[in-house]
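Read off the chains here:
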Amino acid sequence: MDDLLREFLTESAENLARLDREIVELERSSDDPELLKSIFRTIHTIKGTCGFLDLQRLEGVAHAAENVLGLLRDGKLEVGPEVVSDVLAAVDVIREILDGLEATEAEPQGDDSELVERLARWTAEPLEEEESFDHLFAAAAAARAARAAAAPVTAPAPEPPPTAEGSPRKGRKKTSGAGAPKKVAAPPIAPVSTPGPAAEAAPSAPAEGAERSEGRASVADSTLRVGVNILDLLMNLAGELVLTRNQLVQLASAEEDSVYHVPLQHLNRVTTDLQEAVMRTRMQPIGNAWGKLPRLVRDLCQAGGKRIELEMLGAETELDRQILQAIQDPLTHMVRNSADHGIEAPAEREAAGKPEHGTIRLEAFHEGGHVVIEIRDDGRGLDVEAIRAKAVERGLARAETAAGLSDAQVFRFIFEPGFSTARAVTSVSGRGVGMDVVRSNIEKIGGTVELSSAQGKGTTFRIKIPLTLAILSALIVGTAGQSFAIPQIGVVEVVRVTADDAHLVENVNGTLFYRLRETLLPLVRLTSVLGLPTGTREYGSVVVCQVGAQRFGLAVDEILDTHEIVVKPIGRMVKGIPCYAGTTILGDGSVVMILDVAGIAAMTGAAEEAERAAERSLDSVASAEEDDDRVPLVVFDSGGGSRQAVPLALVSRLEKIPTENIETADGRWLVQYRGALLPLVPASPFVEVRAAEERSVIVFTDGERSMGLAVDAIHDIVEDRLNVEVRSSTPGILGTAVIAGRSTEVLDVDHFLRAADPEWYGAAREDAGRKRILLVDDSPFFLGLLSPVLRSARYDVVTAGDGAEAISRLERGEPVDVIVSDIDMPRLDGFELARRLREHPRLSGIPLVALTGRRGEDDRAQGLEAGFREFLSKFDRDAVLSAIREATTVASDEVSE
Amino acid sequence: MIYPAGPRGSVRAEPSRHGYVSFRLADQWLGVPVVVAQEVLTAQTVSPVPLAPPEVAGFLNLRGQIVTALDLRVRLGLPPRPEGSSTMNIVVRDGEELFSFVVDEVGDVVEVEDERLEPTPPTLDARWRECCAGVIRLERGLLVVMEVQDLLRTGAGV
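Treat the numbers as computed from the prediction; the structure is a model and nothing was measured. Each chain carries its own residue numbering, running from 1 in the direction its sequence is written. Naming scheme: in the order in which they are written, chains are lettered from A and ligands are numbered from 1. Under the rules for a predicted model, residues below a pLDDT of 70 receive no local features and side-chain atom pairs below 80 are neither given nor counted, while totals for whole chains, interfaces and linings still include all residues. Computation of side-chain values covers all heavy atoms of the structure but excludes hydrogens and water.

1. Topic: the overall build of chain B
A run of DSSP states H or I qualifies as a helix once it reaches four residues; a run of E qualifies as a strand once it reaches two. Both are numbered from the N-terminal end. Tallying secondary structure elements over chain B gives three helices and eleven strands in all. Each helix and strand of chain B, ordered N terminal to C terminal, gives the series β-β-β-β-β-α-β-β-β-β-α-β-β-α. To sort residues, take the accessible area from a 1.4 Å probe on protein chains only and compare it with the maximum for the residue type: under 20% means buried, over 50% means exposed, and anything in between is partly exposed. A total of 158 residues make up chain B; the buried ones form 46% of that total. Every residue pair with non-hydrogen atoms within 4.5 Å of one another is taken to be in contact. Of the contacts formed within chain B by residues at least 6 apart in sequence, a portion of 54% connects residues at least 24 apart.

Encoded structure:
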C-alpha cells in the first residue's frame, strides 16, 4: 500500500475515534467552544487530505459534515440530538469508506446523496459570513463594472438551487439576529457566482492554512509514531539485559575486590532505568480503551429508549499496551450488558423511586502493583434466584447444592460457558460473546474479575490486572532444597519464625493458623502445596501473601533474595498447574518456577477462608447501611454436648496444655505457663480439667495477668453476626445465639475473669483517678463484649441500652467522664443523642466517642458534625482505647481549669 | 493410476531417503527424524517441577530459553536409569516451544531409504506403539522410529 495512504488511514482512524468521543461529549456540553473548534478541525483535516488523495466520495461526505460543523462552531446552529445524530451518521459513513479503502485500496462504491442532503438541510439558513463576502465582492465587482460600463448592474446575488424543503428542520436554529430567516443560502458544494469561489477560497484559505499548520505543529513536536514490533523488540532486549546483568552481578559478588565492581554498579543503574523507560513506552492511558464507550452508550440509549449517564474516572491511569488490548473487548461487553440489561427504562426507574437516568460508572486506579477497574451501575441488579434456577437448569449444579450457595457463589455462575439469563438476547447485546469469554480474556493476562450485586440497586464488576507482564520484582524463597520466585505484588510482608515463636502457630481442628499480631492467618506449607517432603525443619519463614482482600501465610524454609526477574512462558505441559505463574532464569542460570499466589490460595483451604471473608465483604457492599455486628469468635465444646463461644478480640492464645502439669492449690487449678502461674477455670461444670492427657485452654491476658479457660475441644474460629436471642440467667453465660448455623452459648468473659482472680479488676478500685465510661449500645452482647475490655483497661463502666436511657441516667446525676456510643439504636439513635447532649447546659462538655459498624464517609462526617469527637469501628480495640484515653485526658484537663 | 511418463519414459521416481538421529534407552535403540532434531546436548542441569506429570523431568536453560525436558524412559514406561548413569539431550522444537528428550546415549545419524521403514510390530508395548512410526532393521539391531508429536503428548493432555 502507498505509504501516504497508509499514513492517512492510521491518522484518520485516530481522528475518527476522537471524533466519536468529542461529538458525544458535545451533546452534553453544547456550548464548549473548544470542543466545537476541535471537532471542526478534525473533519476539516480529513476533508483536506481527501482532496489531496483524490478520494471523492470521502470528500463529499466530509465536506457536507464540515459545513454543518462550521455552523455549529460559529454558533449559527444550536446543538441538538438530531443534528448530532446526523453528524455521527456522517462519521460512520466516513469510517465505512476508510475501512473499504484499507481493504481494497480504493473507495467502496456507494451513494451518499441522502446523507449529504440531510446534512445540507441544516445549512438551509443563511451562511452570513460567506454571504456577506459574496455580497461584498459582488458589490465591489458590480461597482467596478458600473463605473466601467456606467450601466447599472444589479449585484448578482448568489442564486442557489432551492433547498429540498423550504422550511427549516426540526432542530433549533439561531439566526444572527438580522431578522426573519432568509430562505436563500449558498449551497454547500458547488459555489455559485464567479466572485464566489474566489471570495470563498481567498479569505478562508489563509485561515485554513494557519489552522492546519498550527494544529500540526503542536502535535508533531510532542509525539512520534513507532511501530509496535519495534517496541516489542526493545522490551525483549531489555529483558535479556536484565538477565545478563543479574548474572554479572552474581559473578562479581563472588569476588571481593574486583575491578568490575564500579562499572557494574553503573551498569546496574542504567539497566534498571532502561528497563523502566522501555516499560513506560508500552504504557498507555486506559482512556484509550474507553474511547468508543460514550458513543456506544449513546447508541444503546437511543435504541433502547433509556437515559444513561456514563461516568469515566481515572482515564489517565496507565497500563501496558498488551493488557489494554486484551481488556478492551471485555470492558465493552460489560458496559453493553449494563446498558442493555442492567439499567431499566425510565418509567421503571421512576416507579422504583430512582432518578430517571441510570448511571454507569467506570473507574480505574492503581492499587498495589495492579490496575483496578470498576464498572458500577445503579440498575436493577442481578436476580439471584433466577441465576440459581438457571444454573440448575443448565446442569451446572444440583438443586440441593445450589440451594445452599451464598449469593456471591451464585453470581459466579454467570461466568460459566453457555450461561445467559438475558430474557431477550437483544441484537444490541449480541450473541456468542459470553461472560465466560470475558473472564477467560481477563484471566489470560493474569487478571481477576469479581462481581457483586444487590437486587434493585445495581451491579458492580471489579477487574484487577497486573501492571506489567514481563518484568517484575520477586522474592526468591527456598524450600525442600529448591528455589521458587514469588512476585512482590502478592507479598505483604515476610516474618521469620523461630522455635521461640512456636506458640504462634495454632492448630484449630486440623487447619493451621499463624497468629500475626491481631489476626489469625491461615497458614499453608509450601511443601504440602507442592507435594514435597516436609523435612525436619519445623520453622523457617512465613511469607504473608495477599489474594484479593484476603491474606494467608505461606511457610517456607528460607528467604533467599529479592530481585527483578523476567517472566518467561511456562510451557504447555505445566501450564495447567494452578500454583505456577511462569518461569524465570536466575543470575546463576538456574531455572526457577514463579509461584502464583492466587493459584495456591485456590488449591488449598486458604481459599475457603478467603472466600468466606470475601463473600462477607461483598455482602457488606450490598448492605452497607446496616450496622455490622459480625465478630470473630472462637467456638468450642465444653462437654455436655453444648457449643460455646467467646469473642476472639479478647483471646490472647489458644493452647493445649499437658494435664500432668496442672496442679491444684487452694481449691483452684493452676499451671506453670511462661514463667508464671496461670489460673485455670473450666468453661462449664462438664469440663473435667484432668480427664485427658492434654487440655485445650483459651488464654486471656491483660498486662501481666493471665487466665486460662479450660474447654473440651476448640472447634473453629468463625466470623458471624451476633444476635443473642435467648438471654440467660446462668452466671457466666450471656445468652444463646446462632453461630455458623448452630445454637451456641456465648460466655460472659467477665464472669470467668473474676472467677480466676476476684481481684482482676480489683487493685484499681482504690484508684480515685479511675475514669468512668458510659457505654451506650442496644446489643447486650456487645455491652458484654466491650465492658471487660474497658474494665481491663482500668475504667469503670456503666451501660445504657439506648440513647434515651443514656440521657436519663446522665440527668439523674450519674457522673460520667466519657460517653462511648453506638449509632443505630431504637428510641434515640447515636446522632440524636449527640445533638441532645450538645444542647444540654450541663452535659455538653462530656466527650463523645462513636463506636459503630458503619463505615461510610458520609456517616463519619455526619457523626463528627453531630458532636462525636471520634467515629470508630467497633472492633478496633486499640483505636477505641486510645480514643478513650485521649478523650479522658482532655476532659480532665478541661475540668481542672 | 496412470503415471505421467518421465523424460526417459521411466515410471520409477528416485528412491527417497530420510535420516534419523539414533538414541538408546536401556537396551533399545530408537530414532527420530533428523530434520526435527534441533541440536544434541550432553547432560544438562534440569530444575525439577513439583506437581508436573511424571515424564516431565523439569526445565533446562538453553542460552536463555526455557526448554521442557522429558525423560523418555519415564515416558515409555522403562525402569529408571541406574544411579549415576550419564544422559544426553535431543532438543526439538514444537511450534513456539522447545523440548528436550532426555535419553541414555545418542548414536549416529542413520540414513535409509523409505521402503526400509517397516510397519510397527503389533507385539510392541502399547506405550511404544502409540508413538511409533515404524521400525528399521539395521545390522546392530532394530531401530524403533518414533513420531515426535506423539512423544510430546503427555499424561497431562496437550
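Past the structure itself, the notes keep going.
2. Quick word on the side chain of B:Ser22
Residue and element names in this part refer to chain B. Along the chain, Ser22 falls in strand S1 (residues 17–25). By relative accessible area, which is 0% here, Ser22 ends up buried. Filtering out sequence-adjacent residues up to four positions away, Ser22 remains in contact with Trp29, Leu30, Gly31, Val106, Gly107, Asp108, Val110, Arg140 and Leu143.

3. Observations concerning a negative patch on the surface
Residues and elements named next belong to chain A. Judged by side-chain charge, Asp2, Asp3, Glu7 and Glu105 come together as a negatively charged surface patch. Here Glu105 shows up in the loop between helix H4 (81–104) and helix H5 (113–122). Using a relative accessible area of 45% as the deciding quantity, one classes Glu105 as partly exposed. The residues that make up patches have over 30% relative accessible area and no salt bridge, and they are joined within 9 Å when like-charged or within 5 Å when they are Val, Leu, Ile, Met, Phe, Trp or Tyr. What sets the accessible areas is the Shrake-Rupley method with a 1.4 Å probe; for residues, cover comes only from the shown protein chains. We count a salt bridge whenever a side-chain nitrogen from Lys or Arg sits within 4 Å of a carboxyl oxygen from Asp or Glu. Residues scored as charged are limited to Lys and Arg (positive) and Asp and Glu (negative), so that His and the chain ends carry no count. By convention, charge coordinates are those of NZ in Lys, CZ in Arg, CG in Asp, or CD in Glu.

4. Observations regarding the sheet that holds strand S4 (residues 56–62) of chain B
Residue and element names in this part refer to chain B. Here a strand pair is declared whenever DSSP counts at least two bridges between the two strands. The sheet built from five strands is open, its strands ordered S3-S6-S7-S5-S4 with mixed pairing. For this open sheet the edge positions go to strand S3 (37–42) and S4, each flanked by a neighbour on one side alone. On average, each strand axis in the sheet is tilted by 30° relative to the strand beside it, whichever way the strands run. Think of each axis as a best-fit line through the C-alpha atoms, taken over the contacting stretch in the case of a helix, with angles from 0 to 180 degrees between the N-to-C directions.

5. A short note on the interface of chain B and chain A
Residue-level contacts link 22 residues of chain B with 21 residues of chain A. Buried area, as used here, totals the accessible surface that two parts lose on assembly, with accessibility defined by a 1.4 Å probe and the loss added over both. Between chain B and chain A the total buried area reaches about 1700 Å² when both faces are included, carbon and sulfur atoms providing 67% of it. In this structure, A:Arg572 and B:Asp94 form a salt bridge, with 2.7 Å as the shortest nitrogen-oxygen distance. Side-chain atoms alone can form a polar contact between residues adjacent in sequence; in general such a contact is a pair of N or O atoms within 3.5 Å, and within protein one must be able to donate a hydrogen while the other accepts it. At the junction of chain B with chain A, the criterion picks out five residue pairs in polar contact (both at pLDDT 80 or more). Going through the elements one at a time, S4, strand S5 (65–71) and strand S7 (97–103) of chain B are the ones with two or more residues in the side of chain B that touches chain A. Sort the elements by how many residues they give to the side of chain B that touches chain A and S4(B) lands first, with four residues. Within the side of chain B that touches chain A, the residues separate by chemical class into 15 nonpolar, five polar and two charged. Residues are grouped as follows: Ala, Val, Leu, Ile, Met, Phe, Trp, Tyr, Cys and Pro are nonpolar; Asp, Glu, Lys and Arg are charged; all remaining types, including Gly, are polar.

6. With respect to helix H8 (residues 228–253) of chain A
Each α-helix winds once per 3.6 residues, and so residues spaced three or four apart point in a common direction. What a helix should span is 1.5 Å times the count of its residues minus one. For H8(A), built from 26 residues, the straight-helix expectation of 38 Å at 1.5 Å per residue is met to within 8% by its first-to-last C-alpha distance of 37 Å. Taken residue by residue, H8(A) has A:Leu231, A:Met235, A:Ala238, A:Gly239, A:Val242, A:Leu243, A:Arg245, A:Asn246 and A:Ala252 as its buried positions.

7. A short note on the packing of helix H24 (residues 830–839) of chain A against helix H25 (residues 857–866) of chain A
Angle between the axes and distance between the axes: these two values describe a pair of packed helices. All names here are of chain A. H25 packs onto H24 with a crossing angle of 20° between their chain directions and a minimal axis gap of 9 Å. Taken together, the axes of H24 and H25 are roughly parallel relative to one another. Residues Phe831, Ala834, Arg835 and Arg838 of H24 form the contact with H25, whose participating residues are Asp859, Gln862, Gly863 and Ala866. Split by residue class, the contact of H24 with H25 holds three nonpolar, two polar and three charged. Angle categories: roughly parallel below 35 degrees, roughly antiparallel above 145, roughly perpendicular from 65 to 115, and oblique for all the rest.

8. Looking at H25(A)
Residues and elements named next belong to chain A. All of the buried residues in H25 are Asp859, Gly863 and Ala866. Projected down its long axis, H25 carries its buried residues within an arc of 65°, all on one side. Away from its buried face by more than 90 degrees, H25 exposes Glu857, Asp858 and Glu865. Here the buried face of H25 lies against H24 and strand S35 (870–873). The arc in question is traced by the directions running from the helix axis to the C-beta atoms.

9. Focus: the pairing of strand S20 (residues 643–647) of chain A
All names here are of chain A. With five of five residues buried, S20 lies mostly within the body of the structure. Of the two faces of S20, both are covered, the one formed by Arg643, Ala645 and Pro647 as well as the one formed by Gln644 and Val646. Two strands pair when backbone bridges link them, and S20 and strand S30 (residues 742–747) are joined in this way by two bridges, in the parallel orientation. Bridging from a neighbouring strand, Ala645 pairs with Val746 of S30.

10. Details of the pattern of salt bridges
Following the criterion strictly, the structure yields 38 salt bridges over all chains and no others. For A:Glu348, the salt bridge is made with A:Arg380, and the minimal N-O distance between the two is 3.2 Å. One end of the pair, A:Glu348, is in helix H13 (residues 346–351); the other, A:Arg380, is in the loop between strand S5 (370–377) and helix H14 (384–393), with 32 residues separating them in the sequence. A residue is classified by how much of its surface remains accessible, and A:Glu348, at 40% relative accessible area, is partly exposed. The class for A:Arg380 is partly exposed, based on a relative accessible area of 32%. We note a salt bridge from A:Glu363 to A:Arg361, for which the minimum N-O separation is 2.7 Å. According to the relative accessible area criterion, A:Arg361 is partly exposed, its value standing at 30%. One salt-bridge network, in which partners are shared between bridges, spans B:Arg24, B:Asp71, B:Arg73, B:Arg81, B:Asp104 and B:Glu105.

11. Side note on the sheet that holds S35(A)
Within a sheet, adjacent strands bond to each other through the backbone by hydrogen bonds, running parallel or antiparallel. Residue and element names in this part refer to chain A. Across the sheet, five strands lie side by side as S32-S31-S33-S34-S35; this open sheet has parallel pairing. In this open sheet, the two strands that pair with only one neighbour each are strand S32 (796–800) and S35. The mean angle between the axes of side-by-side strands here comes to 25°, regardless of whether they run parallel or antiparallel. Bridge analysis of strand S31 (residues 772–776) against strand S33 (residues 818–821) gives four bridges, and the strand direction is parallel.

12. Focus: the packing of aromatic side chains
The criterion for an aromatic pair is that two Phe, Tyr or Trp rings (for Trp, the six-membered ring) have centres within 6.5 Å, with stacked assigned to planes under 30 degrees apart, edge-to-face to planes over 60 apart and tilted to the rest. Applying the stated criterion across every chain yields a total of zero aromatic pairs over all chains. Seen from the ring of A:Phe40, A:Arg73 lies directly overhead, with NZ or CZ sitting 4.0 Å from the centre. A ring is considered to have a charge above it if a Lys NZ or an Arg CZ atom is located within 6 Å of its centre and within 35 degrees of its normal. If you follow B:Arg140 out to its NZ or CZ, it ends over the ring of B:Trp29, 4.7 Å from the centre.

13. Section: unusual backbone geometry
Positive phi outside glycine occurs at A:Glu105, with the angle close to 65°. The phi dihedral of B:Ala26 is positive, around 55°, even though this residue is not glycine. Its location among the elements puts B:Ala26 in the loop between S1 and strand S2 (28–33).

14. Considerations on the environment of A:Gln409
Along the chain, A:Gln409 turns up in helix H16 (residues 407–411). For A:Gln409 and A:Val384, which are 25 residues apart along the polypeptide, the C-alpha to C-alpha distance reads 9.9 Å.

15. Focus on the state of the cysteines
Working definition of a disulfide: a covalent bond connecting the sulfur atoms of two cysteines. Residue and element names in this part refer to chain B. Any two cysteine sulfur atoms lying within 2.5 Å of each other are counted as a disulfide. All told, the structure shown has zero disulfides over all chains when counted by the stated rule. The cysteine Cys132 is free of any disulfide, with Cys131 supplying the nearest cysteine sulfur at 8.4 Å. Classification of Cys132 by relative accessible area gives buried; the value is 12%.

16. Section: a nonpolar patch on the surface
Residue and element names in this part refer to chain A. A surface patch of nonpolar side chains, amounting to about 390 Å² of accessible area, comprises Leu224, Val226, Ile230 and Leu234. With respect to the helices, strands and loops of the structure, Leu234 is situated in helix H8. A relative accessible area of 37% means that Leu234 is categorised as partly exposed.

17. Observations regarding the confidence of the model for chain A
Residue and element names in this part refer to chain A. You can read pLDDT as the predictor saying how much it trusts each residue, on a scale of 0 to 100. In the predicted model, chain A carries a mean pLDDT of 75, and 77% of its residues have values of at least 70. Within the model, the stretch residues 126–135 combines pLDDT values under 50 with 20 contacts to residues more than four positions away or in other chains. Confidence drops under a pLDDT of 50 for residues 613–628, and excluding neighbours within four residues, the segment shows 26 contacts in the predicted structure.

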